[in-house]
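So the chains spell out like this:
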Amino acid sequence: MKYRIDPARVQWRVVDGEAVVVDVDSTYYYGLNRSGTIVWRLLAERAMSREDLVESVASEYGRSPSDVAGDVTALLEDLVRERLVEEH
Amino acid sequence: MRHGPRDPEPEVRAARVWAACAFRGLAGEPAPLPDAPLPVARLSGLGLGPLLYRALSLAGDERASLFVAEFRHATTANLLRMGHARRLADRLAAEGVGAVLLKGAATLVRFGGEPGVRPMADLDLLVAPADVPRASAVLRAGGLTERDRYPSSGGRSHSMSFVGQAGPLAFDVDLHRGVAPWPVAAALARAILASPDEVSGWRIPGIVDAVCVAALHRASQGFVGGCLDLVDLRRLTGLLDEDGWARLLATSRRFGIEGAVYASLRQASWWLGAGSPVAVGGLAALGGALGAARRALLHGLAPVDAPIRSRPVLNGPLGRNLLVVPSATRGLPALVAAARLMPFRVADEWRRHRAGDGVGRATGRVLAQVAFGAAPAETEPPGARRPA
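Thresholds, definitions, all that
- Residues numbered from 1 in each chain as written.
- Chains lettered and ligands numbered in written order.
- Predicted model: local features only at pLDDT ≥ 70, side-chain atom pairs only at ≥ 80, totals over all residues.
- Heavy atoms only, no water.
- Helix = DSSP H or I, 4+ residues; strand = E, 2+ residues; numbered from the N terminus.
- Buried < 20%, exposed > 50% of the residue type's maximum accessible area, 1.4 Å probe, protein only.
- Pairing = 2+ DSSP bridges.
- Polar contact = N/O pair within 3.5 Å; in protein donor to acceptor, adjacent residues only side chain to side chain.
- Contact = heavy atoms within 4.5 Å.
- Core = buried A, V, L, I, M, F, W, Y, C linked by side-chain atoms within 4.5 Å.

Trainee: What's the story with unusual backbone geometry in this structure? I'm lost.
Mentor: For residues besides glycine, phi is generally negative; the peptide bonds are generally trans as well. Residues and elements named next belong to chain A. Unlike most non-glycine residues, aspartate 16 shows phi in positive territory, near 55°. If you trace the backbone, aspartate 16 turns up in the loop between strand S2 (10–15) and strand S3 (18–23). Classification of aspartate 16 as partly exposed rests on a relative accessible area of 34%. For arginine 83, which is not glycine, the phi dihedral falls at a positive 65°. With respect to the helices and strands, arginine 83 occurs in the loop between helix H3 (65–81) and strand S6 (85–87).

This is the structure:
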């Protein structure tokens, strides 16, 4: 399973290192901290699986995949629940 | 000709040098920062907070943090507006209505870059008067509801206000059939609709027309608004060569708005820097075309430091309707023209304007912090909340 941002529904920019994400349909808006923004930027480049994201984030932070897997998974669950990211 | 007050007070001087610095930051390169004190509240009040964030952050100056909330706010609101604008424009086009973006949204489209650098209160769409009913229907079908922001206008305003709110962020649209509350604006609107520029799939006014729109908007506020129009004007006129300035002079004279254009550009030049020699010459030519007497009167009626002094400049129908926009009463029946010269009308319009939405004021309430890791403990939009 891969995750991707729906560009027709979601608009975003990075401000001061942190993503500002707007759901145009619901008009809710969200802030992602710096580590969350790393995940968001990766998803903005292309659809990715959870495993690929974990590998990329771990590489970015110089940590092992097991160290970041829990946080990445929790973030993905939040993003999917808020309909900012869709699974396919 | 003299361009400013002889001895501006220190805070005005400081605001001015910082405003020019903020404008230079739009070029995307670090600019030298002034030594003057940074009057944060004044500059924010002028609408320059987001631009200052950009200039200061480009320079690596920690005072950028003073304005980051404004920049984030404007970014959020404009992302929402432009996302909705794309959908509305597509729906309008499907109904055969050609809409043209005006003002802040048109600036964002023309110059691209970060949406946060140009705060705006609403999205302005211009359509032909005959298309207003169809366009209104499209907006209503899109979930927006009409509201009369200026109840005493009795539906005679040059625009209709709509608001949509599916969630916490309100989304305001002004549907224009004219570009200002004067007859001349109808002719300018027709010219804009007849030959808009097409940029990135959007329709926006041509550069000269956009200058005229910004100048009329400024005139309609009595030249005491913040600096957002001025920034637009300086950016737009920065694109003009000598022929472009000649077209601007000819166009503004054709519509009888050369006073409004001159007074606005004079303020822009004073606050944000004069620009190239071509721009200096172009402004001088506009002033020269007015004649010495009218130019001198305009200097008194629309002083360059008006945005910060909040004096009731031009709060009189004579100045605004006869000197600044002399065509405002041209061709009107005598009684209607006389009504436009009544003092209460100007004061009333300004009061209603002041009662409208603030510049770039976002109305959202929810900011969910859904990221992992340590959440930053700094700025959020007012009213934002984090989930427990």
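Trainee: Help me understand the pairing of S2 of chain A in this model?
Mentor: A regular strand places its side chains on the two faces of the sheet in alternate fashion. Residue and element names in this part refer to chain A. The pairing of S2 with S3 spans six bridges and is classified as antiparallel. Across the sheet, residue valine 14 finds its bridge partner in S3, namely alanine 19. Here S2 folds back onto S3 in antiparallel fashion, the turn holding two residues, of which aspartate 16 has a positive phi close to 55°.

Trainee: I'm lost on the side chain of histidine 84 of chain B in this one. Help?
Mentor: Its place among the elements puts histidine 84 of chain B in helix H4 (residues 68–94). In this structure histidine 84 of chain B comes out as buried when scored by relative accessible area, which is 16%. Polar contacts involving the side chain of histidine 84 of chain B include one to the main-chain carbonyl oxygen of valine 24 of chain A, which spans 2.9 Å. Discounting chain neighbours no more than four positions away, the residues touching histidine 84 of chain B are Val24 and Thr27 of chain A together with Phe171 of chain B.

Trainee: What's the story with the nonpolar core in this structure? I'm lost.
Mentor: Residues and elements named next belong to chain B. Among the nonpolar cores identified, the biggest contains 76 residues, and Leu48, Val179, Leu248 and Trp271 are the most heavily contacted of them. For this core, the leading source of residues is helix H8 (residues 207–220), giving ten residues. What tryptophan 271 contacts, discounting residues up to four positions off in sequence, is Ala15, Arg16, Ala19, Ala20, Leu46, Cys227, Leu230, Val304, Asp305, Pro307 and Ile308. Counting 33 residues, the second-largest nonpolar core is a separate cluster that includes Leu88, Ala89, Leu139 and Phe162.

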